[in-house]
Structure formats: C-alpha cells, structure tokens
Amino acid sequence: MLLVIDIGNTNVVFGIYEDKKLVHSFRNTTRKELTDDEAGLSLTGFLKQNSIEKDTITKVVIGSVVPQLTSCYEKASQSIFNNEIVVVSHKLDLPITIEFDQPHQIGADRIANAVAGYLAYGGPVIVVDFGTATTFDVINDKGAYIGGIIIPGPETSMAQLAKKASRLFEVRFKKPEHVVGKSTTEALKSGLFHGTIGQIDHIVKLIIEESEFKNCKVIATGGLSTGIEKHSQYITKTSPNLTLEGLRIIGDNN
C-alpha cells in the first residue's frame, strides 16, 4: 500500500492507496510548531485507526507547502517505515513538463494537481484549488504546465476582513438564499460567495482567452470546492481528492 501525505497551510491530509484506489483518508489541522515525535504519533494513530500494519506500507509520498513540516513528516516516516520516501518537487520524473521561469517556487500541491488534472482529463485543463489560497494551475494540450494564478482563498479573505473591520465578522462560504442581503450576516455571506464565484469565472475567462484554449476543461478541488460547479459558468467538475491522486501518480513514477 502507498501512503500519501498532503501538507497544506490549513490541513494535513493522509491517504492510503491500494491498487491505485484511495481506501482511507484523514484530514488534520496543520500545526506549524509540530515536532518530529508528534508527526510520528499522527501517522501511527492514522494507521491504527484504520487497522493498517506499518509493514504493509511500501512507499510514502510527501507533498508539502510548509517547509518546517516537510522534514518533520519525512523524519517521522523514516523512523516508522522501512521503505522509500518520495518528497515531491519539480525535479522528479513527472508525466507533464514544467514551463515555468522559477520551477523551484511551484508548490508540491500545484504540481500534484497539474499531474492528476492532465492525466484524468487531458489538456488544456485548468485546476482551481480552493484552500488557504485559491490557486489556478494551467496545463496546455501538450501536457506542459505553463503557469497559474494565486489569490487569497475565501476563508482567508473573510478572516482578514473581519480582522480589519471592527463591526464585521466571519461567515461560512455558502450560497445565500438572496443576492441582496437584508442583514449584515446575509450581506457578508452574499459578498463572500458571489464575489468568489465572480472572481473565479472572470479569471478563468481571461486565462482561456490569453492562452487561446479550445475545449478547455476546468476542474475544482480543495476543501471548499464541493458543489461549486453548480454555480460557476466555467467549472465543469469537482474532484475533492485530486491532490492526493496526483501524489499517488508521482509516487508511482518515482
């Protein structure tokens, strides 16, 4: 079995693959002050919870955008598992090419999304990942990662607004009943939801026009992506586990 670890700024997600099928997953809150021992306990706890013997894990793939946690989970994995550990970067053997001025700056999650998005849906494809940041990763019809866009995620934007404005507060990212809010809560909900959808669709439109893409697929992933395709003009499909799938593919290739 293959263990994949997706270390993000908000969550750390563990996944177990058996014969290319995701059979177990677990989402944990990211703690940047985590120690090596604590990382090990979270891994063994995940295995124990799902009745998985550590000896059955044949490879570990780590994709991280939090540098101080990359080494924590790498060291923990080395101490627990007697097998190969792959840390995702642009230097690995990838089923796509990277056409980016500074490839070392591309986050492991974005590489994984690009790999899984292209292999699953072909190109051109745009992957929109809703997380702490909302990222747009663009892959052309030749399987080349040609760049992308990064904007604050919906929850990040709302948290900053509540922090800066004394009388405002955080609300959940959810479609409101009405566009025009009749209370501050309703107004915030509408602004957050419709503002996010409008921003996403406008950016995707510009990407497609600039890149001159024909029949471009637009795939959403990330914790806030569920159901988003019902409201967007461009997003055609949601794939919540796309990042984990990309880590699996990269692990198989290396």
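Source: prediction; values computed, not measured.

Participant: Explain the pairing of strand 2 (residues 11-18) here, please?
Facilitator: When you tally the buried positions in strand 2, you get 6 out of 8 residues, the bulk of the element. The pairing of strand 1 (residues 2-7) with strand 2 spans 6 bridges and is classified as antiparallel. By the bridge assignment, Val 4 is partnered in strand 2 with Gly 15. In the sheet, strand 2 pairs with strand 3 (residues 21-29) via 8 bridges, with the strands oriented antiparallel. When the sheet's bridge partners are listed, Gly 15 is paired in strand 3 with Ser 25.

Participant: What's the story with the sheet that holds strand 10 (residues 217-222) in this structure? I'm lost.
Facilitator: Strand pairs in the sheet, formed through backbone hydrogen bonds, run parallel or antiparallel to each other. Within the open sheet, the 6 strands sit side by side as 6-9-8-7-10-11. Their pairing is mixed. Two strands close off the open sheet at either side, each with one partner strand: strand 6 (97-98) and strand 11 (237-238). As paired strands, strand 7 (residues 125-130) and strand 8 (residues 133-139) are joined by 6 bridges and run antiparallel to one another. The residue bridging Ile 126 from the neighbouring strand is Val 138, located in strand 8. Across the face of the sheet, helix 3 (residues 108-121) comes into contact with strand 7, strand 8, strand 9 (144-152), strand 10 and strand 11 while running at roughly 50 degrees to strand 8. Where helix 5 (residues 184-211) meets the sheet, it contacts strand 7, strand 8, strand 9 and strand 10, and its direction lies at approximately 155 degrees from that of strand 7.

Participant: Whenever I open this one, the side chain of Asp 201 confuses me. Can you help?
Facilitator: Note on placement: Asp 201 falls in helix 5. With residues up to four places along the chain from it excluded, the contact list for Asp 201 reads Ser 232, Gln 233 and Tyr 234.

Participant: Explain the pattern of salt bridges here, please?
Facilitator: Enumeration according to the criterion identifies 8 salt bridges in this entry. Ionic contacts of the salt-bridge type, sharing partners, join the residues Arg 31, Glu 33 and Glu 38 into one network.

Participant: Before we go on, may I ask you to explain the sheet that holds strand 2 in this structure?
Facilitator: Taken in spatial order, the 5 strands line up as 3-2-1-4-5 in an open sheet, and their pairing is mixed. Two strands in the sheet have a free side with no partner beyond their single neighbour: strand 3 and strand 5 (84-87). The sheet shows a mean angle of 15 degrees between the axes of neighbouring strands, taken without regard to direction. Strands in contact with helix 2 (residues 67-80) are strand 1, strand 2, strand 4 (59-64) and strand 5; relative to strand 4, the strand with the most contacts, it is inclined by about 170 degrees.

So, how was this worked out
- Residues numbered from 1 in each chain as written.
- Predicted model: local features only at pLDDT ≥ 70, side-chain atom pairs only at ≥ 80, totals over all residues.
- Heavy atoms only, no water.
- Buried < 20%, exposed > 50% of the residue type's maximum accessible area, 1.4 Å probe, protein only.
- Helix = DSSP H or I, 4+ residues; strand = E, 2+ residues; numbered from the N terminus.
- Pairing = 2+ DSSP bridges.
- Contact = heavy atoms within 4.5 Å.
- Axes fitted to C-alpha atoms, helices over the stretch in contact; angles between N-to-C directions.
- Salt bridge = Lys/Arg side-chain N within 4 Å of Asp/Glu carboxyl O.

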